[in-house]
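Summary of the model geometry
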Amino acid sequence: MNHPEPEPPLRSFSAAPWLEEVIERRAALQGAAAAIGLFALRPVSLAAAAVPARSTLRFTELGARLAPTLGLSPGHRAQVLLRQGDPLLPDAGPYVPGRIDASEQAKAFGSGNDYLAYLPLPRGSQNSDHGLLFCNHENCYPGLQFAQHPEGYTSAQAAAERAAIGGSVVEVRREDDRWSVVPGSPLARRLTGDTPMAIRGPAAGSPRLATNADPAAERILGTLGNCAGGVTPWGTVLTAEENAPDCFTGKPAEDADPAEVRSIERLGFGYTEHAWGRFEPRFDLAQEPREANRFGWIVEIDPYDPTSTPIKRTALGRFRHEGANTAVGPDGRVAVYMGDDTKGEYLYRFVTSRAWNPDNLTANRELLDEGTLSVARFEPDGRLTWHDLVFGKGPLTPANDFTSQADVVIEARRAGDLLGATPLDRPEDVEVQPGTGRIYAALTNNSERGERWCTDTANPRPANVHGHVLELTPPSVSLSVGPSVGPSVGPETAPDHAAAEFRWSVFLLAGNPLSETHGATVHPETTRHGWFSCPDNLAFDSAGRLWIATDGNENVNQRGDGLFACDTDGEGRALVRHFLSVPIGAEACGPCFTPDGTTLFVSIQHPGSGGGSNYSNPSTRWPDFQADVPPRDAVVAVRRIDGEALG
Ligand code: FEO
Ligand code: CA
Ligand code: CA
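This section reports on the structure supplied with the text. Since this is a predicted model, take the numbers as computed values, not measurements.

We now examine the overall build of the chain. Along the chain, the regular secondary structure elements total eight helices and 33 strands. Taken across its 647 residues, the chain has 62% of its residues classed as buried. In the chain, the share of contacts with a sequence separation of at least 24, taken over all contacts with a separation of at least 6, comes to 67%.

Rendered as structure tokens:
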């Protein structure tokens, strides 16, 4: 969820005055070879106007709007597939509005649905009609979800909140143009704030993860605050713990270990959005400060095996993980790209030590436990350099209070500071484009840029309320160096995701291209409906086009959050078009396509949230629109009416 930002002044939607601006910006955007952003202000020849920009996207654009309903490009249909509280496990009861019941909620679809992954059935197939949906449940929204309890906040509510978050595995099937949840599926599963999980990698068994309940640091209860994620080449899901700090209460005691106090403060634990610590000592930082070190990880889960134990992969570092998207390099080693969703935090990459095995999927089980975590520095000359978070290397030594690799991964942010990583404007999703291997990183916004951090070439706007998208390009290597198992960019080369140095550029600066104060660099032919602010989740369709979900457009621009799409190459590069608009108060998250591109699943999170809206008087009752039913987080399945591929 995003927090309100001040509204900037907007110019009116007059098309007349901006021809030169248009031409300049188009030239700038098409000059992809230029390494860095803000070249949009360079004067260019008017001759550029002779070439009309074209998008490969053919859908009719949806008008900008802010409404209690879902809006969709004409010619498409959206079906509400799953809602918070819908029965999921075989013995779950029906949804009861406002119910506070942890055992029923743990058998039902959770709240705050964010990341979505569609995993075809059977495993390894390209089936677009039958599969598993993995869904993160990032948060719950007590003022909207629950009827007010006469006793105020109770242990029952705390338990119901823990049961509502985590994740869901749902078997889904399509017949004609309708998707349905397979009832009684043996593959259906809920992960909650109490589900047992294993710990692997450098922090497994570390005294810094030891608690009264688990002195050996080998078993953690729950996954919390799961925002985005990714799918591995071997078909498991990586779910990212972002908002776990908000689940803890209190402060460490005065005699607490200073290292833990430092770690707790750096990740912002103890925000007390959920007062679980009043009833569960492990969520009270005064009683159990090391419980905080057990969250903020990437968790790997095998959605095809409902009996499998989810595993916290500590080699990938601990921070406010937004997502974890993978790419296979030419030598078969796997890179995982990860953003740390806080103002001024960093972009990370993990590269496995070994190549993955496409012929024996189970042989990849421990692949994410050995490898190198590194952090990005965006050099002003357009180079991106990766700096390894390895104990004993450079400043990561006892002189700086790092005594093991466990310390390095637990305090990855502090390690990133010492390595000179570039503070970014809240890194959200980082996605790899199939085919090119380029990487796109959504930086959602940072209103404090210019105050707490200087502007720089990668974060060029002060008070950046609109956010931007960066484009990272790994070097190409000759495929003669190894087997061709990675995405090819040509007949003889492939992107090297393990390289120490990439190139980078600004793909777009979000905002209204007509507003001088916004300083946006979206394609100049972007319409008054197509521009947006606050990019969050990213996805690529089967044609390699970029889809951008927003979280904060409503706060910044008083236009609904939603889903926008554009080309990344050619004349339509960064020509953004508006496709879907979520109901008031909601953010759009987790866009994900079936392999054939004919269905797009989208998460609609926290409809009706925001000032003055509450359980009895919400700003919308989407998606049920019944007088006694509150707004509910939901997943929609979007298809073209003619059944063709989207876009
Ligand atoms: Fe949950 Fe990073 O947005
Ligand atoms: Ca967000
Ligand atoms: Ca997000």
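Per the stated rule, a full pass over the model turns up 22 aromatic pairs. With centroids separated by 5.1 Å and ring planes inclined at 80°, the aromatic side chains of Trp 547 and Phe 579 adopt a geometry described as edge-to-face. With Trp 547 in strand β28 (residues 546–550) and Phe 579 in strand β30 (residues 577–581), this residue pair connects regions lying 32 residues apart in the sequence. The same class applies to Trp 547 and to Phe 579, which are both buried. Taken together, a centroid distance of 5.3 Å and an interplanar angle of 70° make the contact between Trp 547 and Phe 593 edge-to-face. Remark: Phe 593 occurs in strand β31 (residues 587–593) and Trp 547 occurs in strand β28; sequence separation between them is 46 residues. Of the two residues, Trp 547 and Phe 593, both sit in the buried class. What links up through ring pairs into an aromatic cluster is the set Phe 248, Phe 269, Trp 276, Phe 283 and Phe 295.

Taken together, five strands build an open sheet; the order of strands is β1-β30-β29-β28-β27 and the sheet is antiparallel. Each of the sheet's edge strands pairs with one partner strand only, and the pair in question is β1 (71–72) and β27 (535–540). Pairing of β27 with β28, which is carried by four bridges, proceeds in the antiparallel orientation. The residue of β28 that forms the bridge with Phe 540 is Leu 546.

Okay, empty space enclosed by the protein next. What the rule picks out here adds up to six cavities of 30 Å³ or more. For the largest cavity, the calculated volume is near 80 Å³. Lining the largest cavity are Gln 84, Gly 85, Tyr 95, Val 96, Pro 97, Gly 98, Arg 99, Asp 101, Gln 105, Gln 145, Phe 146 and Ala 160. Counted by class, the lining of the largest cavity contains five nonpolar, five polar and two charged residues. Looking at the second largest cavity, its volume works out to about 70 Å³. Taken together, Gln 84, Tyr 141, Leu 144, Gln 145, His 606, Pro 607, Pro 631, Arg 632 and Asp 633 make up the full set of residues lining the second largest cavity. A class-by-class count of the residues in the lining of the second largest cavity yields four nonpolar, three polar and two charged.

Definitions and limits used
- Residues numbered from 1 in each chain as written.
- Chains lettered and ligands numbered in written order.
- Predicted model: local features only at pLDDT ≥ 70, side-chain atom pairs only at ≥ 80, totals over all residues.
- Heavy atoms only, no water.
- Helix = DSSP H or I, 4+ residues; strand = E, 2+ residues; numbered from the N terminus.
- Buried < 20%, exposed > 50% of the residue type's maximum accessible area, 1.4 Å probe, protein only.
- Contact = heavy atoms within 4.5 Å.
- Phe/Tyr/Trp six-rings, centres within 6.5 Å; stacked < 30°, edge-to-face > 60°.
- Pairing = 2+ DSSP bridges.
- 1 Å grid on protein atoms, 1.4 Å probe; cavity = no way out; pocket = protein on both sides within 12 Å on 5 of 7 lines; lining within 4 Å.
- Points joined across faces, edges and corners; volume = space filled by probe spheres on them.
- Nonpolar A, V, L, I, M, F, W, Y, C, P; charged D, E, K, R; others polar.

Fair warning: the whole summary comes from geometry, so function is off the table for now.
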